[in-house]
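Structure at a glance
Each chain, written out:
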Amino acid sequence: MFEYKSVALSIHKEMKGLKLVKTIVDHVDTAKLDELINKQATEGWELVAHSSVVDTVIGRVNAIVTFRRPK
């Protein structure tokens, strides 16, 4: 048996003012996702799944990350 938890994480880079980006990928800060995964791993959680939600109008990228660990 496992217990599961999901975390919502904003992974877009913070910008001041209006800036144009070529693609939404230029606007993603994957270091935030790496930090979350590493932090959860030190607490015994294993990454199970992730998905991203992209709002191209305002340039926001959010991820839903699911972890599990044995009960």
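Above this note sits the structure.
The numbers attached to residues start from 1 for each chain and follow its sequence in the written order. With the structure being a predicted model, the display of local features is reserved for residues of pLDDT at least 70 and the display and counting of side-chain atom pairs for 80 or more, all residues being used for whole-chain, interface and lining totals. Where side-chain values are given, they derive from all heavy atoms of the structure, hydrogens and water being excluded.

So, on to the sheet that holds strand β2 (residues 46-55). Read across the sheet, three strands follow the order β1-β3-β2 without closing on themselves; strand pairing throughout is antiparallel. Each end of this open sheet is capped by a strand with a single partner; those strands are β1 (2-10) and β2. Adjacent strand axes in the sheet meet at a mean angle of 15°, parallel and antiparallel pairs treated alike. Here β1 runs beside strand β3 (residues 60-70); their pairing, made up of nine bridges, is antiparallel. Note on β3: the bridge partner recorded for K5 is F67. Contacts between residues were defined by any pair of non-hydrogen atoms, one from each residue, lying within 4.5 Å. To obtain each axis, a line is fitted to C-alpha atoms, and for helices this fit is confined to the stretch in contact; angles are then taken between N-to-C directions over 0 to 180 degrees. Only DSSP runs of H or I reaching four residues or more are called helices, and only runs of E reaching two or more are called strands; each is numbered from the N terminus. Its contacts with the sheet put helix α1 (residues 30-42) on β1, β2 and β3, and the angle it makes with β1 is roughly 155°. Strand pairing is assigned whenever DSSP identifies at least 2 bridges connecting the two strands.

Turning to the environment of R69, a few remarks are in order. Mapped onto the elements, R69 comes out in strand β3. With a 1.4 Å probe rolled over the protein chains alone, any residue whose accessible area is under 20% of its type maximum counts as buried; one over 50% counts as exposed, and the rest are partly exposed. R69 gets classed as partly exposed once you look at its relative accessible area, which sits at 27%. Taking C-alpha positions, R69 is 6.8 Å from Y4, a pair spaced 65 residues apart along the chain. Setting aside its immediate chain neighbours within four residues, R69 contacts M1, F2, E3, E43, G44 and W45. From its side chain, R69 meets the backbone oxygen of E43 in a polar contact 3.2 Å long. A 3.5 Å cut-off defines polar contacts: any pair of N or O atoms within that distance qualifies, except that in protein one atom must be a possible hydrogen donor and the other a possible acceptor, and neighbouring residues in sequence count only when both atoms are side-chain atoms.

Let us now look at α1. To estimate the expected span of a helix, subtract one from its residue number and multiply by 1.5 Å. The first and last C-alpha atoms of α1 sit 19 Å apart over 13 residues, in line with the 18 Å expected at 1.5 Å per residue. Within the sequence span of α1, burial applies to L33, L36 and Q40. Seen from one end, α1 has its buried residues packed into an arc of 60°, which puts them on one side. When the buried face of α1 is taken as reference, the exposed residues oriented beyond 90 degrees from it are E35, N38 and T42. On its buried face, α1 is in contact with β1 and β3. A positive phi of about 95° marks G44, the residue just after α1. In this description, one arc is meant: the one made by directions from the helix axis to the C-beta atoms.

The values reported here are purely geometric and, on their own, carry no functional implication.
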